[in-house]
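# Working through the structure, step by step
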Amino acid sequence: MLLKHTVELHRWISGSFGLWIISSLLWMANAPTFVVLHPSRSKLSVKCLRRSRRFSEISLIPMRLMFRLYDCKSLDAALLEQIRQEGLLIYYESLLSCWMDEKAMLEDMIGGFELLRRIEFVVPAARDDEKLDVNDIRVDYGSRGQMEIRLPPNRHVRQANSGEDLRFNVFPVLLNIGINEEASAAISQSKEDLQTAVNKYYGERLMEYTSKLGVDDSTLAAARADFARHLANSSVPKNVDLLHCAQSLTRLAHGLRFTMCKSAKDRTAMAVTFEQLTHVHQYSNGLTVSEYDRVLTEMRRNGTRRENTVKNIGVALYAFAQEQVEHLPAVYQPPPGTFGKSET
């Protein structure tokens, strides 16, 4: 079904946005993507390839939306109204450094975000007797990079949205804190201007979005104040507390969360397990200090993130050398015996 659309998209191949569309459709169809660089347009093609790679990650959004909107028993009418009026908050947490290749990756991500804002998502309101197909995802294209992505019909939308289709844009937020040894090099050379600018711009956007929600909610107000305090301390090196505050704000705003680094395997594993531990601590009766450390170690030693390294490089090791681990913030350091220098 999705591969059929790639034929219709042939005319889009000359533009970066069209190349992303093809990349995304092939990715969702679990097919490999190949790009041939034309000699006379190699610079343009490389630019298109860089954008398409970033967008192949952004194409995860429809899948994540499926979990949010379809894997539930009901939808809150107030939440749908928030999404329709303000957009769906999507917070990308990046752990890239502002050093050489990783800086270029961060630049690509920024460019992709600006195009992402042009996409409108539509969730049709399904009838009670309508047969639903979760693979029924359609893409319509407009001028100047405009796009409409139609997700499968949803009965909950019909019930919570007065029988109307749900139309909305996403509200993307990107925050970046480099945490590895290359981030240390960028800090020592005062080359974190890009990170500072990104965090200031998108941090203010996150504050703008959350200012329109739950004005009488004391929990939200406290979370916004905490985030604003860390956002103002942009000079603090490797200020991962900024990311943790943004996570809390995103949860309170019913947004979607993504975490990324260069390979989505090592630094990402440390960030994801720490966030999971935060959930455990928050929704249990609380953990003692010893329990806190033990649970975090167990997640990183025997959890799915370590299994992910096997699927990537064939070895159950996070790709950190000892000297690299020493550059990581304490809460992002893997336990002994779980890491080693390897290709990523």
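Definitions and cut-offs
- Residues numbered from 1 in each chain as written.
- Predicted model: local features only at pLDDT ≥ 70, side-chain atom pairs only at ≥ 80, totals over all residues.
- Heavy atoms only, no water.
- Buried < 20%, exposed > 50% of the residue type's maximum accessible area, 1.4 Å probe, protein only.
- Helix = DSSP H or I, 4+ residues; strand = E, 2+ residues; numbered from the N terminus.
- Arc of directions from axis to C-beta.
- Polar contact = N/O pair within 3.5 Å; in protein donor to acceptor, adjacent residues only side chain to side chain.
- Contact = heavy atoms within 4.5 Å.
- Phe/Tyr/Trp six-rings, centres within 6.5 Å; stacked < 30°, edge-to-face > 60°.
- pLDDT = per-residue confidence, 0-100.
- Pairing = 2+ DSSP bridges.

Let us look at helix 8 (residues 181-188). Those residues of helix 8 lying buried are A183, S184 and A186. Along the axis of helix 8, the buried positions cluster into a sector of 160°, meaning they face one direction only. For helix 8, the capping residue at the N-terminal end is N180, with a side-chain oxygen 3.3 Å from the backbone nitrogen of E182. Within two residues after helix 8, S190 carries a phi angle of roughly 55°, on the positive side.

What follows covers the environment of I61. Relative to the assigned elements, I61 resides in helix 4 (residues 60-70). You can call I61 buried: its relative accessible area is 1%. Residues I61 and L256 lie 195 residues apart in sequence; the distance between their C-alpha atoms is 8.6 Å. The residues contacting I61, other than those within four sequence positions of it, are I90, Y92, L116, F121 and F258.

This part takes up the side chain of H230. Structurally, H230 is set in helix 10 (residues 218-232). By relative accessible area, H230 is classed as buried at 11%. In contact with H230, not counting residues within four places along its chain, are N239, D241, L242 and C245.

For the structure shown, the criterion picks out seven aromatic pairs. For the ring pair Y92 and F258, a centre distance of 4.7 Å and an interplane angle of 15° mean the geometry is stacked. With Y92 in strand 1 (residues 88-94) and F258 in strand 6 (residues 256-260), this pair connects stretches of sequence that are 166 residues apart. Note on Y92: relative accessible area 3%, which makes it buried. Taking 5.7 Å as the distance between ring centres and 15° as the angle between the ring planes, the aromatic pair formed by F121 and F168 counts as stacked.

Moving on to the confidence of the model for the protein. With 81% of its residues at a pLDDT of 70 or more, the protein shows a mean pLDDT of 81. When the criterion is pLDDT under 50, residues 1-42 qualifies, and its contacts beyond four places in sequence or with other chains add up to 62 contacts.

One non-glycine residue, M100, adopts positive backbone phi at about 55°. Its place among the elements puts M100 in the loop between strand 1 and helix 6 (101-116). Although it is not a glycine, A264 sits at a positive phi angle of roughly 60°.

Before going further, it helps to spend a moment on the pairing of strand 2 (residues 119-123). Most of strand 2 is tucked away, with four of its five residues classed as buried. Where strand 2 meets strand 4 (residues 147-150), four bridges bridge the pair, whose relative direction is parallel. Each residue of the ladder has a partner; that of V122, found in strand 4, is R150. By the bridge criterion, four bridges tie strand 2 to strand 5 (residues 166-176) in an arrangement that is antiparallel. Within the sheet, the bridge partner assigned to F121 lies in strand 5 and is F168.

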